[in-house]
Amino acid sequence: MTEAPTVLPTRLTDRKREAIVLAAIAEFREHGFSGTSMDRVAAAADVSKRTVYNHFPSKDELFEAILGHLWDRSHSLADVAYDAARPLRTQLLAVLEQKMELLNDASFIDLSRVAIAEMMHTPERAQAMVARLSEKEEGLPRWVRAAQQDGALRAGVDPQYAAHQLHGMVKSFAFWPQLAMGQAPLTAAEQQQVLGDAVDMFLAFYAVRPAMESTRTAAAPAKRAARTTRPR
């Protein structure tokens, strides 16, 4: 993912803010939270320290801003709205592919590592950051809620809870191993396998009976054909 904006800011103040954010991203990735100072960011952005503070009153706010910046850039595509006419599996895969794009971004992984290290020292900062990032994960809970209202997914389950489960299955392969153990990002084939298996397990538990039965019905002819053509 490139870090240059798609559309360059036109106002001088916007260009300076963008320069500060991009400089801060590089500084936090290289030096961590405690090793990065507002002076260092100002020098890297080629602006005055006062300019940095005019845009971001504290280093905490600057760090939260760049996390939001990377998140927004990785989720530039519109949310996938629930569509009763499309298969649930197809829709969920489209939702999660955007999530995978974020998790496969080296900048996001590096900054997440910095964030988690800092959160361990200051729990109050952890709560604020988690709350802010959670606000940006409304796409999947919104989809789950709409599917429940349509009768396609089980009712009586908190959409946030269900979405968190699905995200967790994906992150266990495409985020935590890379973050904590330095594993390489998933290949394209591995990403598709992780997403497909996670969606299948999610729907096996949450999809209502008609949806599950239609899936079995569609698969049955292929299984019967396989049995009839298998060598004896």
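The preceding data block contains the structure.
First, a word on scope: everything that follows refers to the structure included in this document. Every chain begins its residue count from 1, and numbering advances along the sequence as written. Two thresholds apply to this predicted model, a pLDDT of at least 70 for residue-level local features and 80 or more for giving and counting side-chain atom pairs, whereas whole-chain, interface and lining totals are computed over all residues. Excluded from the side-chain calculation are hydrogens and water; included are all heavy atoms of the structure.

**A few points about the side chain of Gln-148**
Item 1. For the purposes of this entry, the term helix denotes a DSSP run of H or I that reaches at least four residues, the term strand denotes a run of E that reaches at least two, and both are numbered from the N terminus. Examined against the element boundaries, Gln-148 turns out to sit in helix H8 (residues 139-149).
Item 2. Only protein chains enter the calculation, and the probe is 1.4 Å; a residue is then buried if its accessible area is under 20% of its type maximum, exposed if over 50%, and partly exposed in between. The class for Gln-148 is buried, based on a relative accessible area of 16%.
Item 3. Within polar-contact distance, the side chain of Gln-148 engages the backbone oxygen of Val-157 at 2.9 Å.
Item 4. Any two residues whose heavy atoms approach within 4.5 Å are treated as being in contact. Ignoring sequence-local partners within four residues, the contact set of Gln-148 consists of Leu-153, Arg-154, Ala-155, Val-157 and Pro-159. The term polar contact refers here to a pair of N or O atoms within 3.5 Å; inside protein, the definition further demands a hydrogen-donor-capable atom paired with an acceptor-capable atom, and it admits residues adjacent in sequence only when both atoms are side-chain atoms.

**Focus: the environment of Ile-66**
Item 1. Position of Ile-66 among the secondary structure elements: in helix H4 (residues 59-74).
Item 2. A C-alpha to C-alpha distance of 6.5 Å links Ile-66 and Ile-25, two positions 41 residues apart in sequence.
Item 3. Ignoring anything within four residues of it in the chain, the contact list for Ile-66 reads Val-21, Ala-24, Ile-25, Phe-28 and Leu-111.

**Thoughts on the packing of helix H1 (residues 12-31) against helix H6 (residues 106-121)**
Item 1. The axes used here are C-alpha line fits, helices contributing only the stretch in contact, and every angle between their N-to-C directions lies in the interval 0 to 180 degrees. Between H1 and H6, whose axes approach to 9 Å, the crossing angle comes to 60°. Taken together, the axes of H1 and H6 are oblique relative to one another. Of the two possible hands of crossing, H1 and H6 adopt the one that is left-handed. The segment H1 lies against H6, with Ile-25, Phe-28 and Arg-29 engaging Ala-106, Ser-107, Asp-110, Leu-111 and Val-114.
Item 2. Tallied by class, residues from the contact of H1 with H6 come to five nonpolar, one polar and two charged. Angles are sorted into four bins: roughly parallel if under 35 degrees, roughly antiparallel if over 145, roughly perpendicular if 65 to 115, and oblique for all others. Handedness of a crossing is defined here by the sense of rotation of the near helix relative to the far one, left-handed for an anticlockwise turn of less than a right angle and right-handed for a clockwise turn. Any residue that is not Ala, Val, Leu, Ile, Met, Phe, Trp, Tyr, Cys, Pro, Asp, Glu, Lys or Arg is counted as polar, Gly included; the first ten are nonpolar and the last four charged.

**Focus: the packing of helix H5 (residues 88-103) against helix H11 (residues 188-206)**
Item 1. Between H5 and H11, the least distance of the axes is 10 Å, while the angle of their chain directions is 130°. Classed by the angle they form, the pair H5 and H11 counts as oblique. Between H5 and H11 lies a crossing of right-handed hand. Packed against H5, whose contacting residues are Leu-88, Arg-89, Leu-92, Leu-93, Leu-96, Glu-97 and Met-100, the element H11 presents Gln-191, Gln-192, Val-194, Leu-195, Gly-196, Val-199, Asp-200, Phe-202 and Leu-203 at the interface.
Item 2. When grouped by side-chain class, the residues that make up the contact of H5 with H11 number 10 nonpolar, three polar and three charged.

**Describing the environment of Ala-152**
Item 1. With respect to the element layout, Ala-152 can be found in the loop between H8 and helix H9 (159-174).
Item 2. Counting along the chain gives 54 residues from Ala-152 to Tyr-206, while the straight-line C-alpha distance between them is 8.6 Å.
Item 3. Discounting residues that sit within four places of it in the chain, Ala-152 has contacts with Tyr-82, Leu-88, Ala-147, Tyr-206, Ala-207 and Val-208.

**Things to note about H11**
Item 1. For H11, which comprises 19 residues, the first-to-last C-alpha distance of 27 Å matches the rise-based estimate of 27 Å (1.5 Å per residue) to within 8%.
Item 2. Considered for burial, the residues of H11 that qualify are Gln-191, Val-194, Leu-195, Gly-196, Ala-198, Val-199, Phe-202, Leu-203 and Tyr-206. Here the expected span of a helix is defined as 1.5 Å times the quantity of residues minus one.

**Thoughts on the nonpolar core**
Item 1. If you look at the biggest cluster of nonpolar residues, it comprises 35 residues, and the most contacted ones within it are Trp-143, Leu-153 and Phe-202.
Item 2. Setting aside residues up to four positions removed in sequence, Trp-143 forms contacts with Val-80, Ala-81, Tyr-82, Leu-88, Gln-91, Leu-92, Val-95 and Leu-153. Each nonpolar core is a collection of buried residues, namely Ala, Val, Leu, Ile, Met, Phe, Trp, Tyr and Cys, held together in the definition by side-chain atoms within 4.5 Å.

These figures capture arrangement, not role.
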